[in-house]
Amino acid sequence: MNRLLLGAVLLGNLHVTVSAPVMLAPPTQVRFNSVDYKNILHWTPPANSTSSLQYYVQWKIYGEPEWLDADGCQGIQKHHCDLSAVTSEPMEWYYARVHASSLPSSKSAWVLSPRFNPLWDTIISPPVLRLNITQEGIVVRVKPPKQPVRRMHSSLQYEIYLTHTSGKKEVFKLDCCLNKLTLKELKHKEKYCLQAQTLIPFQDKSSTRGSVKCVTTL
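Residues numbered from 1 in each chain as written. Predicted model: local features only at pLDDT ≥ 70, side-chain atom pairs only at ≥ 80, totals over all residues. Heavy atoms only, no water.

A. Molecular detail of the overall build of the protein. Counting its regular elements, the protein contains 3 helices and 16 strands. Here the protein holds 218 residues, and 38% of them are scored as buried. For the protein, the share of sequence-separated contacts (at least 6 apart) that also reach a separation of at least 24 residues comes to 59%. Carbon and sulfur atoms form 55% of the exposed surface of the protein, whose accessible area is close to 13,600 Å². (Helix = DSSP H or I, 4+ residues; strand = E, 2+ residues; numbered from the N terminus. Buried < 20%, exposed > 50% of the residue type's maximum accessible area, 1.4 Å probe, protein only. Contact = heavy atoms within 4.5 Å. Areas by Shrake-Rupley, 256 points an atom, 1.4 Å probe, with all protein chains shown as cover.)

Set out below in structure tokens:
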């Protein structure tokens, strides 16, 4: 009897400790940055986080119930994930989400990106200008934006901005199938500066102007 009482007392004084999973602080500023249809998801790590944190990325089409793991972005330590391959349909809207994890069992809540559409949300690059000086004038050759832009838009246009030494400005427009413009009737041994911009007419959308290039005529 005494042994039974002693056993009961010992069991009553026994404390069993169960460790609850630690909830990590989530990443912040989850957003798409898209240039020329290269759609990169970015995020900011949690405050006071360590370099050992791992991140898991999922994506889905707007209206679909199922979240899909992003290939190559499971258990990564970088703070970005290229989702171009799975967010390429121009008429679809997409979401992505990220959570942080610290082995063995700590993880954060999922953080959702704003809704993203590649056609409307991507930033288009300006064309690159190549300039040659001839006796005839300035020959301007336009190198269009990267292939995904040309594939998505068959009706690109370009505006060429010419600035004279006097400050006078002129604008020339090129259609998508033309990539060469010769500027004639310019003053000899005069400095001229040029910039270019990409236009997408049906979207009323344009790139920023490219870098300024200056040349002096013969």
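Continuing now.
B. View of the pattern of salt bridges. Across all of its chains, the model carries 3 salt bridges by this definition. In this structure, Asp-82 and Lys-38 form a salt bridge, with 3.0 Å as the shortest nitrogen-oxygen distance. Placement of Asp-82 in strand S5 (residues 80-82) and of Lys-38 in strand S2 (residues 38-44) is noted, with a sequence separation of 44 residues between them. The partly exposed category is assigned to Asp-82, whose relative accessible area is 39%. Since its relative accessible area comes to 47%, Lys-38 is described here as partly exposed. One salt bridge in this structure joins Glu-159 and Lys-173, with 3.7 Å as the shortest N-O distance. (Salt bridge = Lys/Arg side-chain N within 4 Å of Asp/Glu carboxyl O.)

C. Just the pairing of strand S9 (residues 128-133), in detail. In terms of strand pairing, S9 meets strand S10 (residues 138-143) through 6 bridges, oriented antiparallel. Bridging across to S10, Ile-133 finds its partner in Ile-138. Taken together, S9 and the strand that follows it, S10, pair antiparallel across an intervening segment of 4 residues, in which Gly-137 is found at a positive phi of about 150°. (Pairing = 2+ DSSP bridges.)

D. Representation of the state of the cysteines within the structure. Tallying each qualifying case throughout the model produces 2 disulfides. Sequence-ordered numbering of the bonded cysteines in the protein gives a pairing of 1-2, 3-4. (Disulfide = S-S within 2.5 Å.)

E. Structural detail: the packing of aromatic side chains. Scanning the model with the defined rule gives 4 aromatic pairs in all. Taking 4.3 Å as the distance between ring centres and 10° as the angle between the ring planes, the aromatic pair formed by Phe-32 and Phe-116 counts as stacked. Here the residue Phe-32 occupies a position in strand S1 (residues 28-35), and Phe-116 occupies one in the loop between strand S8 (111-112) and helix H2 (118-121), the gap between them amounting to 84 residues. Each member of the pair Phe-32 and Phe-116 is classed as buried. With 6.3 Å between their ring centres and 55° between their planes, Trp-59 and Tyr-94 make a pair best called tilted. Taken together, the residues Trp-59 in strand S3 (residues 54-61) and Tyr-94 in strand S6 (residues 94-102) connect sequence positions 35 residues apart. (Phe/Tyr/Trp six-rings, centres within 6.5 Å; stacked < 30°, edge-to-face > 60°.)

F. Quick peek at a negative patch on the surface. Negative charge collects at one region of the surface, where Glu-64, Glu-66, Glu-89 and Glu-92 lie side by side. Note on placement: Glu-89 falls in the loop between S5 and S6. (Patch = residues over 30% accessible without salt bridge, like charges linked within 9 Å, V, L, I, M, F, W, Y side chains within 5 Å. Lys, Arg positive; Asp, Glu negative; His and termini not counted. Charge placed at Lys NZ, Arg CZ, Asp CG, Glu CD.)

G. Representation of the sheet that holds strand S13 (residues 180-183) within the structure. Strand order across the open sheet formed by 3 strands is S9-S10-S13, with antiparallel pairing between neighbours. Taken across any chain shown, the strands that pair with only one partner, and hence form the sheet edges, are S9 and S13. Here the strands of the sheet are splayed against their neighbours by 20° on average, with no regard to which way each runs. Bridging between S10 and S13 involves 4 bridges; their strand directions are antiparallel. Looking at the pairing, Arg-141 lines up with Lys-180 of S13. (Axes fitted to C-alpha atoms, helices over the stretch in contact; angles between N-to-C directions.)

H. Highlighting the confidence of the model for the protein. Of the residues in the protein, 90% have a pLDDT of 70 or more, and the chain-wide mean is 90. In this model, residues 4-11 is a region of pLDDT below 50 whose contacts with residues beyond four sequence positions or in other chains number 0 contacts. (pLDDT = per-residue confidence, 0-100.)

I. Examining the sheet that holds S5 more closely. An order of S1-S2-S5 is seen for the 3 strands of this open sheet, with the pairing classed as antiparallel. At either end of the open sheet lies a strand with only one pairing partner, and these are S1 and S5. Across the sheet, the mean angle separating the axes of adjacent strands is 20° when strand polarity is ignored. Here 6 bridges tie S1 to S2, and the two strands are oriented antiparallel to one another. Its bridge partner being in S2, Asn-33 is matched across the sheet by Ile-40.

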